[in-house]
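Here is how the chains run, residue by residue.
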Amino acid sequence: TPTPTLTPTPNWPPPATAPPSRLVIPAIEVDATVVPVGWQTVEEGGKLVRVWDVADYAVGWHKTSSYPGHGDNVVMNGHHNIRGKVFRYLVDLEAGDEVIVYVGETAYRYQVVEKHILEEKSAPTEVREQNARWIAPTDDERVTLVTCWPYTNNTHRVIVVAKPLFD
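The residue count restarts for each chain, going from 1 along the sequence in the order it is written. Local features in a predicted model are, by the rule used here, given only for residues with pLDDT of at least 70; side-chain atom pairs are given and counted only at 80 or more, and totals for whole chains, interfaces and linings are based on all residues. Excluding hydrogens and water, the side-chain figures rest on all heavy atoms present in the structure.

Visitor: How should I be thinking about the sheet that holds strand S9 (residues 142-149) in this particular structure?
Guide: One key point about sheets: their strands pair by backbone hydrogen bonds, in either a parallel or an antiparallel sense. Two strands qualify as a pair provided that DSSP identifies no fewer than 2 bridges between them. Comment: elements are numbered from the N terminus, with helices defined as DSSP H or I runs of at least four residues and strands as E runs of at least two. Read once around its circumference, the closed barrel built from 8 strands follows the order S1-S2-S5-S6-S9-S10-S8-S7, with strand pairing classed as mixed. Averaged over all adjacent pairs, the angle separating strand axes in this sheet is 30 degrees, with direction ignored. In the sheet, strand S2 (residues 30-37) pairs with strand S5 (residues 59-62) via 4 bridges, with the strands oriented parallel. Residue Val34 lies in a different strand from S5, and its bridge partner there is Val59. Only C-alpha atoms enter the line fits that serve as axes; for helices the fit covers just the stretch in contact. Angles between N-to-C directions range over 0 to 180 degrees.

Visitor: How do you make sense of unusual backbone geometry when you look at a structure like this?
Guide: What is expected of a backbone is that most residues other than glycine have negative phi and most peptide bonds are trans. For the bond running from Trp149 to Pro150, omega is -5 degrees, close enough to zero to count as cis. The topology assignment puts Pro150 in the loop between S9 and strand S10 (156-164). Although it is not a glycine, Glu29 adopts a positive phi angle of roughly 55 degrees. Structurally, the position occupied by Glu29 is in the loop between strand S1 (22-25) and S2.

Visitor: Just checking my understanding: could you explain the environment of Glu29 for this structure?
Guide: Exposure remark for Glu29: the relative accessible area of 75% places this residue in the exposed category. Between the C-alpha atoms of Glu29 and Val86, which are 57 residues apart in sequence, the distance is 9.4 Å. The rule is simple: take the accessible area with a 1.4 Å probe, protein chains only, and divide by the maximum for that residue type; under 20% is buried, over 50% is exposed, in between is partly exposed.

Given below as structure tokens:
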């Protein structure tokens, strides 16, 4: 079976040549700058694990993830209860809500198709490793948004997946 590819339409921009610079999510009133973020290696329970950095007062784009329009996973994270709270209401997104990723002035439009709330903090290592699949490369064009939940602590992860919205 051939690998599915993104089928451009007249209203879908060409593949980006730079990382995202702005994220707009009208349903939850997000209009934020996007900055590249990396990770740190830390010891947890006697094992070395990578923990992604989260930008303060901005959305963080995982610098090992895709640029928009390349048929892969564009991963972004943000704080929900500190340092700008850019993803404070990410948990409120619903299927059909629009997510607009800008690279400079070029807009890539996506639509929410999935939302998951996953146990993270007290979950066993194998569950946390399984949760990480959401930020891995994919064989389809998507944006994956990640934050912590609930507002009063950080025991879970909210994962929102949006796919291209073609006119």
